[in-house]
Amino acid sequence: MALPKTMIYISVLFILCACLEKQDCSETTNVRQPSPWNRVEVLSREKREVAVSVSEKIAEIEVDIVDIPDYIIELIKATVSGLTYPIALTNDFNVTAVNITTECFPNSTCVCGEQYGWPCDKCLSYGSCDKIAENTCGCINSIPGDGQFCQPISNLTACPSPTTGTVIISEKIAEIEVDIADIPDYIIELIKATVSGLTYPIALTNDLNVTAVNITTECFPNNTCICGDQYGWPCDKCLSYGSCDKIAENTCGCINSIPSDGQFCQPISNLTACPSPTPERVIISEKIAEIEVDIADIPDYIIELIKATVSGLTYPIALTNDLNVTAVNITTECFPNSTCVCGEQYGWPCDKCLSYGSCDKIAENMCGCINSIPSDGQFCQQISNLTACPSPTTETVIISEKIAEIEVDIADIPDYIIELIKATVSGLTYPIALTNDLNVTAVNITTECFPNNTCVCEDQYGWPCDKCLSYGSCDKIAENMCGCINSIPSDGQFCQPISNLTACPSSTPAPTATPSTAISPTTPSVKTLDLQLTMDITFDPAFNDENNAVFKDVNQAIRNVYQRNIEGFVSSTLNQFVKGSVIAEYTIKSIILRYSDVANAKAEIVQVLGAKYQIYFTCFNDTVFGNGQLNDIVIADCKSDEVGQRTARCLKNGTFSVLEDTCVLQKIKALFEESQTLVGTNLPSFLERLSNSTRNLTERIVSSPATISTIVNILVNVANVSRSTAINRFMMRNFLETADVLTSNGAINSWKVLNANVTKNDNSHFLESIEIISNFLTNDSFEIETQLIILNKTTFNSFLNNGFNLNSSVQIDISTLNSSFNSITTIAFASMNNVLPIRKSSLNDNISSINGEVVLVKSNTTINNVTFRFDVLNKTLGNPQCVFWNFTHFDGLGGWDDTGCQLQSNGNGMVTCNCNHITSFSILMSPDAPDDPVLSYITFIGVGISMGSLVLCLIIEAIVWNAVTRNNTSYIRHVAIVNIAVSLLIADIWFIIGASISEQDPLPVSSCNAATFFIHFFYLALFFWMLITGLLLLYRTVMVFSHMSKSSMLAIGYTVGYVAPLIIAVITVAATAPGNAYIREGGPCWLNWYQSKALLAFVIPALIIVAINLVILIVVLYKMLRRGVGDTTQSDEKNAFVVIARCLAILTPIFGLTWGLGVGIMVDPTNRGINIVFALFNSLQGFFILVFGTLLDKKIWEVLAGILSFNNVSSNRTRSTSDETLSSSGFHNFLKRRRNVFNVSVPSESGITGVQQGSPGFNQ
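Residues numbered from 1 in each chain as written. Predicted model: local features only at pLDDT ≥ 70, side-chain atom pairs only at ≥ 80, totals over all residues. Heavy atoms only, no water.

### Remarks on the nonpolar core
Next up, step 1: Core analysis: the biggest nonpolar cluster contains 55 residues, and Y1019, F1023, L1087, F1098 and I1185 have the highest contact counts within it.
Next up, step 2: Counting residues in each nonpolar core, the second largest holds 54 residues, with M732, I827, F829 and L856 among its members. (Core = buried A, V, L, I, M, F, W, Y, C linked by side-chain atoms within 4.5 Å. Buried < 20%, exposed > 50% of the residue type's maximum accessible area, 1.4 Å probe, protein only.)

### Quick look at the environment of T528
Next up, step 1: Looking at where T528 falls in the secondary structure, it is placed in strand β35 (residues 527-535).
Next up, step 2: Using a relative accessible area of 47% as the deciding quantity, one classes T528 as partly exposed.
Next up, step 3: In sequence terms T528 and T587 are 59 residues apart; their C-alpha atoms lie 6.9 Å from each other.
Next up, step 4: Apart from residues no more than four positions distant in its own chain, T528 is found in contact with T587, I588 and K589. (Helix = DSSP H or I, 4+ residues; strand = E, 2+ residues; numbered from the N terminus. Contact = heavy atoms within 4.5 Å.)

### So, the sheet that holds strand β21 (residues 332-334)
Next up, step 1: Here we have three strands laid out as an open sheet, ordered β21-β22-β25, and antiparallel in their pairing. Single-partner strands in this sheet number two, and they are β21 and β25 (369-370).
Next up, step 2: Note: β21 against strand β22 (residues 340-342), three bridges, orientation antiparallel. Of the residues in β22, the one forming a bridge with E333 is V341. (Pairing = 2+ DSSP bridges.)

### Describing the environment of L1180
Next up, step 1: For L1180, the location among the structural elements is in the loop between α26 (1168-1179) and α27 (1181-1191).
Next up, step 2: Separated by 242 residues in the primary sequence, L1180 and I938 place their C-alpha atoms 9.2 Å from one another.
Next up, step 3: Those residues in contact with L1180 that lie beyond four places of it in its chain are G942, I945 and S946.

### Quick look at the state of the cysteines
Next up, step 1: Evaluation of the coordinates by the stated rule reveals 21 disulfides.
Next up, step 2: Linked covalently through their sulfurs, C244 and C254 form a disulfide whose S-S length is 1.6 Å. Linking C244 and C254, the disulfide has an S-S dihedral of approximately -90 degrees and is accordingly described as left-handed. With C244 in the loop between α5 (235-241) and β16 (251-252) and C254 in strand β17 (residues 254-255), this residue pair connects regions lying ten residues apart in the sequence.
Next up, step 3: Taking relative accessible area as the criterion, C244 reaches 33% and is therefore assigned partly exposed.
Next up, step 4: Using a relative accessible area of 9% as the deciding quantity, one classes C254 as buried. (Disulfide = S-S within 2.5 Å.)

### Quick notes on the packing of helix α15 (residues 705-722) against helix α16 (residues 729-742)
In a pair of packed helices, the angle between the axes and the distance between the axes together describe the arrangement.
Next up, step 1: The interhelical angle for the contact between α15 and α16, taken along N-to-C directions, is 155 degrees, at an axis separation of 11 Å. Here α15 is positioned roughly antiparallel relative to α16, judged by the angle of their axes. As α15 runs across α16, the sense of the crossing is left-handed. Facing α15, whose interface residues are I708, I711, V712, L715 and V718, α16 presents F735, T738 and L742.
Next up, step 2: Residue classes in the contact of α15 with α16 are distributed as seven nonpolar, one polar and no charged. (Axes fitted to C-alpha atoms, helices over the stretch in contact; angles between N-to-C directions. Parallel < 35°, antiparallel > 145°, perpendicular 65-115°, else oblique. Left-handed = near helix turned anticlockwise from the far one by under 90°. Nonpolar A, V, L, I, M, F, W, Y, C, P; charged D, E, K, R; others polar.)

### Examining the sheet that holds β16
In any sheet, the strands associate via hydrogen bonds between backbone groups, in a parallel or an antiparallel arrangement.
Next up, step 1: The antiparallel open sheet is built from three strands, whose spatial order is β16-β15-β18. Edge positions in the sheet fall to β16 and β18 (266-267), since each of these pairs with one other strand and no more.

### A few points about helix α13 (residues 683-696)
Next up, step 1: Along its 14 residues, α13 runs 20 Å from first to last C-alpha, staying within 8% of the 20 Å computed at 1.5 Å per residue.
Next up, step 2: Restricting attention to buried positions, one finds in α13 the residues L683, F686, L687, L690, S691, S693 and T694. Each buried residue of α13 sits inside an arc of 165 degrees when the element is viewed along its axis, so together they form one side.
Next up, step 3: Looking at the buried residues of α13, the elements they touch are α12 (666-676), α14 (698-702), α15 and α16. (Expected span 1.5 Å × (residues − 1). Arc of directions from axis to C-beta.)

### Let's talk about the packing of aromatic side chains
Next up, step 1: One pass over the structure, following the stated rule, counts 19 aromatic pairs.
Next up, step 2: Seen in terms of ring centroids, F551 and F577 are 6.1 Å apart; in terms of plane orientation they differ by 75 degrees. Their pairing is edge-to-face. You can see F551 sitting in helix α10 (residues 549-565) and its partner F577 sitting in strand β36 (residues 569-579), a full 26 residues away along the chain. The same class applies to F551 and to F577, which are both buried.
Next up, step 3: Summarising the aromatic geometry, the rings of W961 and Y971 are spaced 5.7 Å apart at their centres and angled 65 degrees between planes, so their arrangement reads as edge-to-face. Taken as a pair, W961 in helix α19 (residues 933-964) and Y971 in helix α20 (residues 968-998) lie far apart in primary sequence, ten residues in all.
Next up, step 4: For W961, a relative accessible area of 24% corresponds to the partly exposed category.
Next up, step 5: Judged by relative accessible area, Y971 falls into the buried class, the value being 17%.
Next up, step 6: Every member of this aromatic cluster is reached through a ring pair, and the members are F1017, F1018, W1025, Y1054 and Y1058.
Next up, step 7: Cation over ring: K1046 sits above Y971, and NZ or CZ is 4.3 Å from the ring centre. (Phe/Tyr/Trp six-rings, centres within 6.5 Å; stacked < 30°, edge-to-face > 60°. Lys NZ or Arg CZ within 6 Å of the ring centre and 35° of its normal.)

Take a look at the structure:
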């Protein structure tokens, strides 16, 4: 945008010079001329030699560059300074030089260019901001009020030497005008009292004193102006504006208006006496005033009343002592149909009657009515003053042709109206008679100018060659013309008939003297943008015919809309229509391409063609990408302080999915460009600025992958410079503070985006830059500690067998070093795991995780034996691997490698590794759960049987419901069993849904949140209904004779069974979801542990319920054993043990007591036997509910037998106490499935995906 604007300013220079060339000026003059642009003034100065016919013109141009970026200004300056002079504008007119003389900044300082300076008086008047040397200064503190610019130093005269005579004291009077309209009266009086009470003189500086302050004049809202004490108005002001007090001698103290010349009251002592009136003869003069009154909205009776009143007045009427009105006559009345009728004694001159047509008979020298309002504003004249019409001559009639150019503003006129007008004009039949003597022979639309300032010519018209060159052609210049230019001509010229255009002049040979370096002007490149438009209509192959109405309509609309909206528009091409509803593929070419303009054009396309061709937006009003149709690839500009662009696709759900974001903060981009040419001497200051910028912009940086990538490139450039520059402690601290920001937790998501791109290795470059710069530290010992990084540099001159404790998490032991001088540098990164991916056996290793700090070790000697002791970060992980970062791994992408490193020990939360080389080390660890195919089979078969059993259980309960729920106890028991089955079945279904959601990449967070919520809720409901079952058994065992109504038990059951889990689940999601800490990272969708401990919302209620049910089981067994104490027979004793065993078998699954096996797995996760038993019992929990809760119930069998007409079933079967015994089932949840195997091993924080799935439980 800035370059075309600059071309406009330069064009002003050329046009001005061309205009001055045609003036006859004999002397050098300065002329201030209004510029066609706002805030631009052009000063022209002419020089003329006496004997030479060649004249020289100097034009000074003032340009407002407030909104132009610095790099554009520098480009303009470089371009101007690199031009080759003279430049021939015409055959007779050359530009010999263009110099930038003056630059004025927002702080009002004005700096001169080379070979230019300020005159001495300007330096003294406005204050010099550099040293005044001899006759000039190069900078002053304010923009001169007279508009003068810097002058050639050769033209400046020396400053006058200070005289050594007596100091001359001069007095200046300053008049200050203050607007006190909104100041209360008491404040004004206070100010006046304060001013009058001051003691004078008051010293402002050593050379400047205020000797007096007087309030001379007060002007009020009614325009009266009153003088203060000892002040008065001169006699002429009293007479001119009227005195509002008595004129005494030579003054008055009050006048009726504010003087237009800005004069205030004067000291009375300075006023002269009013001149005495001379006895000269009074001269009476007569003036005729013509008044035009708009009476369009005045009723006729009011007009007639006015006319009667005017005609009835008595004259003369005295307005003042010296002014009388002698007559008022209504001369002319013009009506809405444009006819103008004269009043009595008035008529139209003969020429007006002939020019505009008479609407009454022309008599002698006049007519009383004409058909149009005269354009010169003349009214009817007195008949006595009219002359006779000239007699017609017998000469031949002369026919002349005039061409009228009309400019019409059509900005607010719809396109279809414009097209209708153009069609109507082109369809007229000519000539068209306007009057007897005036015909219109043709009307042609020559020029169309659009909001983007491009002006396009119509058929048979074109722009002259000079316009194409001056304003830039937006189509190909052919021979002597072009059909489109990039700006509206400032001289108001329109397109000309092609037949009238002359060929472009041949370029004249350049002068022989050429500068050593010349910058040739470059043609701006044309940018191409491929777009498409989806129309919800039926596809027809005929649409691709260029003569088809749809093709022509869409093609024309695209051309018109984009021509209006895009600055520098070159062309549009409708390529083709393709199926998919109907998709119009088209190409836009433009010199300037702003994506905001493209978005505006798309919106207008929908407005113009939307209703006709069913065009609509799927994505709309997005704050970044605006509007888009389905699958549209939309490019958006970055924020104002960023460079780059954002690319997104419009999805079916009405949102944009970001495909690429290359937006980089401008400050960081500028630092990167500077780092490209960085040298060692500038490295300290550069690193300090880099550190300050990254720390000040931390939040913006960590959320922008493109900015992080740019900073990594800066660090790589810095590391390369360090190869020839010693890096001291100060420089290294700034370097590490920058790296500290990049490794922070806030940058995790950005690094995930960068690491997902396997074509880039920013992570590897980042670590490598740190390794490189650590090789070139100064030869002294020092330590640097930032928030996340610790560096220790140790030098020594003797043998060493030393250990390094970088911090409480890492220890390093290095064997004896043999060189005479040793230097060891160690750097520990607390959060480098945020940067480096888990890339060892494959590009995406989702099993392992970095479970210790990353440590970098560098030495100036070879080390073949180094031992590391890492504190593990996640103590639930096992299988440690000692690894280092291999920069050549995976074809240069980099990855973890264990070559030369061995695991020495693993225990007590610490892993010890030994390596035979030094670089960047850490440990990888993975979950300990065994990978056993037996567990997979058990899980697959068990879950299938369990879900089928739950469905069968619910069917049986529905069949026998009325028969088995006739008393309260049976009713509540079966209600509990049904709700246990329903909760477990729905929980399993949601768990499967959550596992499938977790397979998606990227993870749909909102869907995973929903799945986690329902899993959490229904598993809690399962436990609470198991609690209700236990409490019911306890109630009937302990309180045998107590009775509770069915409604009370149902209310308690559903409140505890569903309301309590719902409250816990809702509170959990409300407390953790806003902070993105509700679900865990990786693995199936389940509650988070590491960030928010949301898993406790499931673990605590579940463990409490298991503990309560265990106590209830003990109480029930105690009661049963106590009843059988008096029985001593062996058979009864044996029967008691059978009953106890049966109760344990029934109650243990339904009370969830099998979870005790999960505790054993958490203690020994690699124990194969415990894992198999745990998977067997818990995968079959649904089967246990069917067997122990339903099939072993004799009452249910009796009902089923009756329904199936089993006649051999006795109807008098004795009911045993076991009929009311609560059956239970296995306990299915709190499981984690890895590779479809149930176990309770805890995964890594980064989670498990792929085949490594887990069901909810106490998994962290």
